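# Structural description and commentary
Here is how the chains run, residue by residue.
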Amino acid sequence: MSDSSLLNILVVGSGGREHALLQVCLQSPLAGKVIAAPGNGGMASEAECFDVPVEEIEGMVALAQAQGIGLVVIGPEVPLSLGLVDALAAVGIPAYGPNAAGAQLESSKAFCKDFFAKHNIPTAAYGNFTEIAPALDYLEEHPAPIVIKASGLAAGKGVIMAETQDEAIAAVKDMLEGDAFGSSGKEIVIEETLYGEEASIHVIASGEDFVCLPPSQDHKRAGEGDTGLNTGGMGAYTPTSRVTAAMQAEIEEKVIKPTLAGLKADGIDYRGTLYAGLMLTDQGVKVLEYNVRFGDPETQVLLPMVADDLVPVLLASATGESLPAKLQFHDGAAIVVVLAAGGYPGSYAKGNPITFPDALPASTAIVHAGTTRDPEGTIRTAGGRVLGVSGQAPTLKAAADLAYTVCDQVKFEDKFLRRDIGHRELNR
Ligand code: AMP
Ligand code: GLY
């Protein structure tokens, strides 16, 4: 863009989360040129997309330099853990997201658990292991039900909830001796099973400064009633009444503040999203895990609820400046329903053309996840999670009705969706 006061932005990633982030950037009056890499079919319809894979750190830096980018917004965890933020910082380009040291909170569950212990952050009792004998000894002292986790990145699949001692022993052996989860399973965390309701809090951090987004919940299982295989997430909604004002205050005081202070004390200037997966137990809030990026599909409901322009907030985080004390949010609720390809999270077909409704009702949106766009402009399926259909309304029920109306108007072969997104809140 010729107006040098405007900010050129590169969005890194290719899922629904990144499409939602791209739209926030495109809507900002501060934005100049907005591009994406690698992007998807929907993103390509709205912005120029460049075919650079997210793991190619040097290629991504070269793209940002060649395009005169002033802010890189990074969606997925993999480039964060590979040091994309550090590499961009080395050439003076601010990026939204933590550096590789900060990204260890997600890329190493063992690191994260030791961090919790060191900084007195409430979490499940645990042990970290790389050797089989001490891991089996720990299981003898802490019998099933127990949770076994691959420490490294495993696309949300590396958690085994062992109901019996045999399952626990098998899971430990599969990871440490076998090849379950590859190198990600060569270190494991064994931890106490926690009981309670789950909720997620996303915060945008800039060092010890932070702003919270509303509490949200996603549906990880493929089947209705939260049954079946784990997926990346089949839908999400916000807010959730499970997180009361008192709980929110407890989360901020006992979890978020000590985490950011602990990171600083450990020499990590944390910037970007901190996404806490929480269990609301009878003994108070405990952290199950941290992610170091926005949730997918949670982003598709959280970002549209923000009434303020988010670009200056993302830029302030990226440059380590102070954040606004509070963000303004729209009233009401938002929901997103994922339209997946039949077979997901197992194998599924790709390349099927998608038919969209001619016009969308007000307060609904379709965000692309696994899609491509032909040179002729046809949008085709290209992934397990194909689209996210969202609705916003004064109540969650009304938002769900809006979203499901649009879900039924989108057509592609073997379309598969859950009809009960939001049920835990709607059936309370
Ligand atoms: P994580 O990737 O660590 O968040 O784990 C994925 C899912 O496994 C969580 O959303 C919980 O449903 C479940 N989970 C993980 N750790 C525990 C635990 N210690 N107790 C009970 N459920 C857990
Ligand atoms: N929806 C879960 C995640 O993004 O990790």
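The paragraphs below set out a description of the structure included in this document. Remember, it's a predicted structure, so these values are computed and weren't measured experimentally.

### Details of the overall build of the protein
- Counting secondary structure elements, the protein contains 14 helices and 23 strands.
- Its C-alpha atoms give the protein a radius of gyration of 21 Å, near enough to 22 Å, the size a compact globule of 428 residues would have.
- Taken over the C-alpha atoms alone, the protein extends approximately 65 × 45 × 45 Å along its principal axes.
- In the protein, which comprises 428 residues, the proportion classed as buried is 54%.
- Within the protein, contacts between residues separated by at least 24 positions form 68% of all contacts whose residues are at least 6 apart in sequence.
- Carbon and sulfur atoms form 51% of the exposed surface of the protein, whose accessible area is close to 17100 Å².
- Across the protein, the 30 positively charged side chains and the 54 negatively charged ones have centroids separated by 3 Å.

### A closer look at the sheet that holds strand S5 (residues 95–96)
- The strand order across the open sheet built from five strands is S3-S2-S1-S4-S5, with neighbouring strands paired in parallel fashion. Each of the sheet's edge strands pairs with one partner strand only, and the pair in question is strand S3 (48–49) and S5.
- Two strands pair when backbone bridges link them, and strand S1 (residues 7–13) and strand S2 (residues 31–38) are joined in this way by six bridges, in the parallel orientation. Counterpart to Val12 in the pairing with S2 is Ala37.
- The strands touched by helix H1 (residues 16–27) are S1, S2 and strand S4 (71–74); relative to S1, the strand with the most contacts, the crossing angle is about 175°.

### A closer look at empty space enclosed by the protein
- For the structure shown, the criterion picks out three cavities of 30 Å³ or more.
- A volume near 70 Å³ is recorded for the largest cavity.
- Of all the elements in the fold, those that place two or more residues in the lining of the largest cavity are helix H7 (109–118), strand S9 (188–192) and strand S17 (284–291).
- Among the elements that line the lining of the largest cavity, the one with the most residues is H7, at four residues.
- In this structure, the second largest cavity spans a volume of roughly 50 Å³.
- Forming the boundary of the second largest cavity are Gly16, Gly233, Asp296, Pro297, Gln300, Val338, Ala369, Arg385, Leu387 and Gly388.

### Brief notes about the site of ligand 1
- Close to ligand 1 lie 14 residues; Lys149, Glu191, Leu194, Glu198 and Glu289 are nearest.
- For ligand 1, a nitrogen atom lies 2.9 Å from a polar atom in the backbone of Glu192.
- In the environment of ligand 1, an oxygen atom lies 2.4 Å from a nitrogen or oxygen atom belonging to the side chain of Glu198.
- Taken by itself ligand 1 offers 470 Å² of open surface, and the protein chains cover 88% of this.
- Looking at the shell around ligand 1, the elements with two or more residues in it are strand S7 (146–150), strand S8 (159–162), S9 and S17.
- Within the shell around ligand 1, the residues separate by chemical class into six nonpolar, one polar and seven charged.

### Looking at unusual backbone geometry
- Residues Ala144 and Pro145 are joined by a peptide bond in cis, for which omega reads 0°.
- Tracing the backbone through its elements, the reader meets Pro145 in the loop between helix H8 (132–141) and S7.
- Between Asp296 and the following residue, Pro297, the backbone shows a cis peptide bond with an omega angle of 25°.
- Looking at where Pro297 falls in the secondary structure, it is placed in the loop between S17 and helix H11 (298–305).
- A positive phi angle, close to 65°, is found at Phe181, a residue other than glycine.
- Mapped onto the secondary structure, Phe181 falls in the loop between helix H9 (165–176) and S9.
- A residue is classified by how much of its surface remains accessible, and Phe181, at 29% relative accessible area, is partly exposed.

### Notes on helix H3 (residues 57–66)
- Here H3 has its buried residues at Ile57, Met60, Val61, Leu63 and Ala64. Down the axis of H3, the buried side of the element spans an arc of 160°, and every buried residue falls inside it. Summarising the geometry of H3, the exposed residues directed more than 90 degrees from the buried face are Glu58 and Ala66.
- In this fold, the buried residues of H3 make contact with S1, S2, S4, helix H4 (77–81) and helix H5 (84–90).
- Downstream of H3 by one or two residues, Gly68 has phi in the positive range, about 60°.

### What about the nonpolar core?
- Residues Leu10, Val72, Leu105 and Tyr290 are the most contacted members of the largest nonpolar core, which totals 49 residues.
- Setting aside anything within four residues of it in sequence, one finds Tyr290 in contact with Leu105, Glu106, Cys112, Phe116, Val255, Ile256, Thr259, Leu274, Tyr275 and Ala276.

The rules behind each value
- Residues numbered from 1 in each chain as written.
- Chains lettered and ligands numbered in written order.
- Predicted model: local features only at pLDDT ≥ 70, side-chain atom pairs only at ≥ 80, totals over all residues.
- Heavy atoms only, no water.
- Helix = DSSP H or I, 4+ residues; strand = E, 2+ residues; numbered from the N terminus.
- Rg over C-alpha atoms; globule rule 2.2 N^0.38 Å.
- Buried < 20%, exposed > 50% of the residue type's maximum accessible area, 1.4 Å probe, protein only.
- Contact = heavy atoms within 4.5 Å.
- Areas by Shrake-Rupley, 256 points an atom, 1.4 Å probe, with all protein chains shown as cover.
- Lys, Arg positive; Asp, Glu negative; His and termini not counted.
- Charge placed at Lys NZ, Arg CZ, Asp CG, Glu CD.
- Pairing = 2+ DSSP bridges.
- Axes fitted to C-alpha atoms, helices over the stretch in contact; angles between N-to-C directions.
- 1 Å grid on protein atoms, 1.4 Å probe; cavity = no way out; pocket = protein on both sides within 12 Å on 5 of 7 lines; lining within 4 Å.
- Points joined across faces, edges and corners; volume = space filled by probe spheres on them.
- Near = heavy atom within 4 Å.
- Polar contact = N/O pair within 3.5 Å; in protein donor to acceptor, adjacent residues only side chain to side chain.
- Nonpolar A, V, L, I, M, F, W, Y, C, P; charged D, E, K, R; others polar.
- Arc of directions from axis to C-beta.
- Core = buried A, V, L, I, M, F, W, Y, C linked by side-chain atoms within 4.5 Å.

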